[in-house]
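The lines below spell out each chain.
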Amino acid sequence: MAISSAGIGSGLDVRSIVSQLVDIERQPIRQLQSEATRLQTQISAFGRVQSALSTLRDASTRLTQASNWSASTATSSNTALLGATAAGGAASGNYNVVVTRLAVAQTLATSGYASPGATLGAGTLRIELGDFDAVPPVPKAGATAVDLTIDPAKSSLTDIRDQINAAGAGVVASIVNDVSGSRLVLRSAASGAENGFRVQVMIDDDGDLNDAGGLSALGFDPSAGGVSLMGRTQTAANALATINGVDVESASNTLNGTIEGLTLNLRQLGQAEVVVEPDTAALKKSVDEFVTAYNESIKLLRAQTSYDPATKQAGPLQGDRSSSAMLNQLRGIFTGAGGVSASYQRLADVGLNLNTDGTIKVDDTKLTAALANGAELKKLFANVDTVTPANDGFANKLQGWLNSSLNSDGTLDSRTQSLQARVRNNEQAQARLEDRVARTQVRLERQYSALDTRMGQLSGLASYVSQQMTLLNNGNNNN
């Protein structure tokens, strides 16, 4: 059997020759790979730009929202007596609050028993919420009386406590232990007169609903003709206060909505002053976030589209017309007038000065002064004019431009899709060239192997001829 290997027949380095020729054939593939890397870098760069502009859109959106401009703060002169918080819509001003009574929950207690395990007896209890000191009694609107059936095997103080707590009757039960023994204590789950309650013993297994023995010891009904064997240690009551001389009453110690947008938490009896004013700190934070997001977007776009002659390094989007246009458009939005404010027409009027590189530098003194004039500042940023868009505030103008750039059919999406299509075409072109190179390599290996074999044969023939000539010459010399 003949054994063949490239280069054996003639000494020709077939593998090296084929490898070098194939390497030349692969040059277009390397160019495509380099182009694919550049395209992927551009896609990544557009992704970073998209992220930065999305952050800017979020920041500009906050400056267009009415709630951002109506935010208020409330300050109490005595937080131990009165807490105050303001929400959007709270009118600025001073409020004199005098607390004359705090809202409290009704509390009842039994007499002392030997231990929490002491049994009272079986029967049925009915718990009902309402003001039963009123004449006539006033059951709580929307509440339903709850009946509890007490089983003889589960009639201890502990058992009854657990059943009351599980009943959802608006009453919380606990056991208090002291020198007088163990007492069952019942308390309204919520304060206020309407959350008072009565406990009626509908069935007592000892047959007497009016004695202190058995389940009837838990009875409490202050209405006319009612039986009250539990003691009331605290009567349910509403909170009473005056706000700028106006009487107010509440079942809770939290006055929410008594003054629109203002919540007051009553803590002690006495007088305190509440001052409500615009929340300029929150508004300044929104403006600062807007400036930061804008500056980051400008810096990123400049970096991606720049060329450094010293290092001869270009940004991934250098020469990309859409990116350059976005940079110019973004800067251009802030070079003109905006809004319809009589006080502020340009960003520089409120301390937002444009630098030569397109970023914003904040003059805190001017901005602080403008924040005190919130109504006019709002017009500069958030004014909306459907008839004359040129009168829109800067934040609204920017938001419109950002939407056109970031939406699914916007500039960034279109540009990214175009680059992705080029990447796909590049990959397909690489695949076609790889296939051609593979076929070329097979052809070259076959051709050069044949050449190697042929040259080996010629070399063998030359050796044979040389040998014959030598023999012939030797024969002639001998004769």
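Notes on the structure in this doc start here.

Procedures and definitions
- Sequence order sets the numbering: in each chain, residues are counted from 1 along the sequence as written.
- Since the coordinates come from a predicted model, pLDDT governs what is reported: local features require at least 70, and pairs of side-chain atoms require 80 or more to be given and counted, while whole-chain, interface and lining totals use all residues.
- Water and hydrogen atoms were dropped before computing side-chain values, which therefore reflect all heavy atoms in the structure.
- Buried residues are those whose accessible area, probed at 1.4 Å on protein chains only, stays under 20% of the maximum for their type, while exposed residues exceed 50% and partly exposed ones sit between those limits.
- Runs of H or I in DSSP of at least four residues are treated as helices and runs of E of at least two as strands, each being numbered from the N terminus.
- By the convention used here, strands pair only if DSSP detects at least 2 bridges between them.
- Each axis is a line fitted through C-alpha atoms, taken for helices only over the stretch in contact, and angles between the N-to-C directions span 0 to 180 degrees.
- With respect to orientation, any angle under 35 degrees is reported as roughly parallel, any angle over 145 as roughly antiparallel, any angle of 65 to 115 as roughly perpendicular, and every other angle as oblique.
- Put simply, a crossing is left-handed when the front helix is turned counterclockwise from the back one by less than a right angle, and right-handed when it is turned clockwise.
- In what follows, residue pairs with any heavy atoms lying within 4.5 Å of each other are defined as contacts.
- All residues other than Ala, Val, Leu, Ile, Met, Phe, Trp, Tyr, Cys, Pro, Asp, Glu, Lys and Arg, Gly among them, are scored as polar; the first ten of these are nonpolar and the last four charged.
- Polar contact is defined as a pair of N or O atoms within 3.5 Å, subject to the rule that within protein one atom must be able to donate a hydrogen and the other to accept it, and that residues adjacent in sequence are counted only when both atoms are side-chain atoms.
- What we call a nonpolar core is a set of buried Ala, Val, Leu, Ile, Met, Phe, Trp, Tyr and Cys residues that are connected through their side-chain atoms within 4.5 Å.
- When the centres of two rings from Phe, Tyr and Trp lie within 6.5 Å, Trp using its six-membered ring, the rings pair. Their planes under 30 degrees apart give stacked, over 60 give edge-to-face, and anything left gives tilted.
- Look at NZ for Lys and CZ for Arg. If either is within 6 Å of the ring centre and within 35 degrees of the ring normal, a charge sits over the ring.

1. Structural notes on the pairing of strand S15 (residues 262-266)
Working note: regular strand, side chains alternate between the two faces of the sheet. Extensive coverage of S15 is indicated by the burial of four of its five residues. Direction of pairing for strand S2 (residues 82-86) relative to S15: antiparallel, over a ladder of five bridges. Among the inter-strand pairings, Thr85 is bridged to a residue of S15, identified as Thr263. Two elements, strand S14 (residues 254-259) and S15, share four bridges in a ladder whose sense is antiparallel.

2. Let's talk about the packing of helix H2 (residues 27-62) against helix H5 (residues 280-305)
Their axes nearest at 8 Å, the elements H2 and H5 cross at an angle of 160°. Classified by the interaxial angle, the pair formed by H2 and H5 is roughly antiparallel. In the packing of H2 onto H5, the handedness of the crossing is left-handed. Residue-level contacts link Ala45, Arg48, Val49, Ala52, Leu53, Thr55, Leu56, Ala59, Ser60 and Arg62 of H2 to Glu289, Phe290, Ala293, Tyr294, Ser297, Leu300, Leu301 and Gln304 of H5. For the contact of H2 with H5, the per-class residue count stands at eleven nonpolar, four polar and three charged.

3. Points about the side chain of Ser76
Secondary-structure assignment places Ser76 in strand S1 (residues 72-76). Of the polar contacts made by the side chain of Ser76, one reaches the backbone nitrogen of Asn78; its length is 3.2 Å. Of the polar contacts made by the side chain of Ser76, one reaches the backbone oxygen of Leu82; its length is 2.7 Å. For Ser76, the contacting residues outside a window of four places in its chain are Leu82, Ala272 and Glu273.

4. Brief notes about the sheet that holds strand S11 (residues 231-234)
Taken in spatial order, the four strands of this open sheet run S8-S9-S4-S11, and their pairing is antiparallel. The sheet terminates laterally at strand S8 (171-178) and S11, the two strands that pair on one side only. Sheet twist, expressed as the average angle between the axes of neighbouring strands with direction ignored, equals 30°. The pairing of strand S4 (residues 107-109) with S11 spans three bridges and is antiparallel. Across the sheet, Ala109 pairs through a bridge with Gly231, a residue of S11. Across the sheet, helix H4 (residues 157-167) touches S8 and strand S9 (181-188), and the angle it forms with S8 is around 155°.

5. A look at the environment of Lys361
For Lys361, the position within the fold is in strand S20 (residues 360-362). Each C-alpha atom of the pair Lys361 and Gly192 lies 55 Å from the other, and the pair is 169 residues apart in sequence. Beyond its immediate stretch of four places on either side in the chain, Lys361 contacts Gly351, Leu352, Asn353 and Asn355.

6. Some words on the environment of Leu380
Position of Leu380 among the secondary structure elements: in helix H8 (residues 374-382). A C-alpha to C-alpha distance of 9.0 Å links Leu380 and Ser343, two positions 37 residues apart in sequence.

7. A few points about the nonpolar core
In this structure, Leu53, Leu56, Phe290, Leu330, Leu377, Phe381 and Leu398 are the most contacted members of the largest nonpolar core, which totals 47 residues. At the level of secondary structure, the elements contributing two or more residues to this core comprise H2, H5, helix H6 (321-332), helix H7 (364-371), H8, helix H9 (394-406) and helix H10 (411-478). Apart from residues no more than four positions distant in its own chain, Leu330 is found in contact with Leu53, Leu56, Tyr294, Ser297, Ile298, Leu301, Leu398 and Trp401. Counting 27 residues, the second-largest nonpolar core is a separate cluster that includes Ala118, Ala169, Ile175 and Leu215.

8. Examining the packing of aromatic side chains
Aromatic rings in a pair are described by how distant their centres are and how their planes are angled relative to each other. Scanning the model with the defined rule gives five aromatic pairs in all. A ring pair is formed by Phe290 and Phe381, whose centres lie 5.8 Å apart and whose planes are at 85°; its orientation type is edge-to-face. Remark: Phe381 occurs in helix H8 and Phe290 occurs in helix H5; sequence separation between them is 91 residues. When its relative accessible area of 0% is taken as the criterion, Phe290 is described as buried. Judged by centre distance (5.8 Å) and plane angle (10°), the rings of Phe334 and Phe394 are stacked. Note that Phe334 is positioned in the loop between H6 and strand S19 (352-354) and Phe394 in helix H9, a separation of 60 residues in sequence. Above the plane of the ring of Phe394 lies Lys397, whose end atom (NZ or CZ) is 5.8 Å from the centre.

Purely geometric stuff here, so don't read any function into it on its own.
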